[in-house]
Amino acid sequence: MVLWRKHLFRVPVVSKGLFMEKLNSILNRILEYSLMFLLASLVILVFTQVVFRIFERSFIWIEELGRYLFVWLVFLGSAFAVNKGAHLGIDILISRLPDRKRRRATLALSGLLILFFGILLYYSVKVYPVWSRKTSAALRIPMSLVFLSLPVSLVLKIIHLISRFFRSEVAR
């Protein structure tokens, strides 16, 4: 799809919306499979831990790994929810607005969310060197692998919100 700028010279420009849609689609598919893998792994680990506790055996590393998988599941799941627009929200005011104002309010809220996630991303990256010096108790893995879930999910949320912005601009 080629859009024309309304300038003196009519230069074809490839739509940014198409690129963002393609990127969003690819990331969404990767995210879906990652969430399925994390959830299946978590279920297997918890089931294994329950079975071993019945036989009065317990593994600390299973509990710790389950906790870290759950952290990744929550943060990636929240990014998936942002993409689907499935987050909880109070839209009593926005739902009463006319279509045009509702669209503007939604875009303004998306912009505020991008700003908020950007600030969180900046500070999470700034604190990352502190996280990289710590290791987990049982598994002895760097805690930076666990805390990496926050910046990764924030980047995904920002990409999903930007994609939604381009989607709404094209639909207008």
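Just so we're clear, the structure is a prediction, and the values are computed from it rather than from any experiment. Counting from 1, residues in each chain are numbered in the order their sequence is written. It should be noted that, the model being predicted, local features are given only for residues of pLDDT at least 70 and side-chain atom pairs only at 80 or more, the latter also being counted only at that level, while totals for whole chains, interfaces and linings use all residues. Water and hydrogen atoms play no part in the side-chain values, which are based on all heavy atoms of the structure.

1. Considerations on the overall build of the protein
Okay, so step 1: By the criteria applied, helices consist of DSSP H or I runs no shorter than four residues and strands consist of E runs no shorter than two, each listed in order from the N terminus. A count of helical and extended segments in the protein gives 5 helices and 2 strands.
Okay, so step 2: In this scheme, a residue with accessible area under 20% of its type's maximum is buried, one over 50% is exposed, and one in between is partly exposed, where area comes from a 1.4 Å probe on protein chains only. Within the protein, buried positions represent 28% of all 172 residues.
Okay, so step 3: For the protein, restricting intrachain contacts to residue pairs at least 6 apart in sequence, the fraction spanning at least 24 positions comes to 68%.
Okay, so step 4: Note on areas: Shrake-Rupley, 1.4 Å probe, and residue coverage restricted to the protein chains presented here. With the model as given, the accessible surface of the protein reaches about 12300 Å², and the carbon-plus-sulfur share is 70%. Contacts are assigned to residue pairs with any non-hydrogen atoms lying within 4.5 Å of each other.

2. Observations concerning the confidence of the model for the protein
Okay, so step 1: What pLDDT expresses is the predictor's confidence in each residue, scored from 0 to 100. Across the protein, the average pLDDT comes to 87, with 88% of residues at 70 or higher.
Okay, so step 2: The model gives residues 1–14 a pLDDT under 50, and that stretch makes 16 contacts with residues more than four places away or in other chains.

3. Re the packing of aromatic side chains
Okay, so step 1: Two rings belonging to Phe, Tyr or Trp (six-membered ring only in the last case) form a pair when the distance between their centres is within 6.5 Å. Interplanar angles under 30 degrees mark stacking, angles over 60 mark edge-to-face geometry, and anything in between is tilted. Per the stated rule, a full pass over the model turns up 7 aromatic pairs.
Okay, so step 2: With centroids separated by 4.9 Å and ring planes inclined at 80 degrees, the aromatic side chains of Tyr-122 and Tyr-123 adopt a geometry described as edge-to-face.
Okay, so step 3: Given the relative accessible area of 48%, Tyr-122 is considered partly exposed.

4. Points about unusual backbone geometry
Okay, so step 1: A positive phi angle, near 55 degrees, is found at Glu-56, a position not held by glycine.
Okay, so step 2: Its location among the elements puts Glu-56 in the loop between helix 1 (16–54) and helix 2 (60–84).
Okay, so step 3: When its relative accessible area of 74% is taken as the criterion, Glu-56 is described as exposed.
Okay, so step 4: Its identity is not glycine, yet Arg-140 carries a phi of approximately 60 degrees, on the positive side.
Okay, so step 5: Looking at the element boundaries, Arg-140 is found in the loop between helix 3 (99–132) and helix 4 (143–147).

5. Topic: the side chain of Ser-163
Okay, so step 1: Inspection of the secondary structure puts Ser-163 in helix 5 (residues 149–171).
Okay, so step 2: In this structure the side chain of Ser-163 is engaged in a polar contact, spanning 3.3 Å, whose partner is the side chain of Asn-24.
Okay, so step 3: If sequence neighbours within four positions are ignored, Ser-163 has contacts with Met-20, Glu-21 and Asn-24. Throughout this description, a polar contact denotes any pair of N or O atoms lying within 3.5 Å of each other; where both atoms belong to protein, one of them has to be capable of donating a hydrogen while the other can accept it, and for residues adjacent in sequence the pair is counted only when both atoms sit in side chains.

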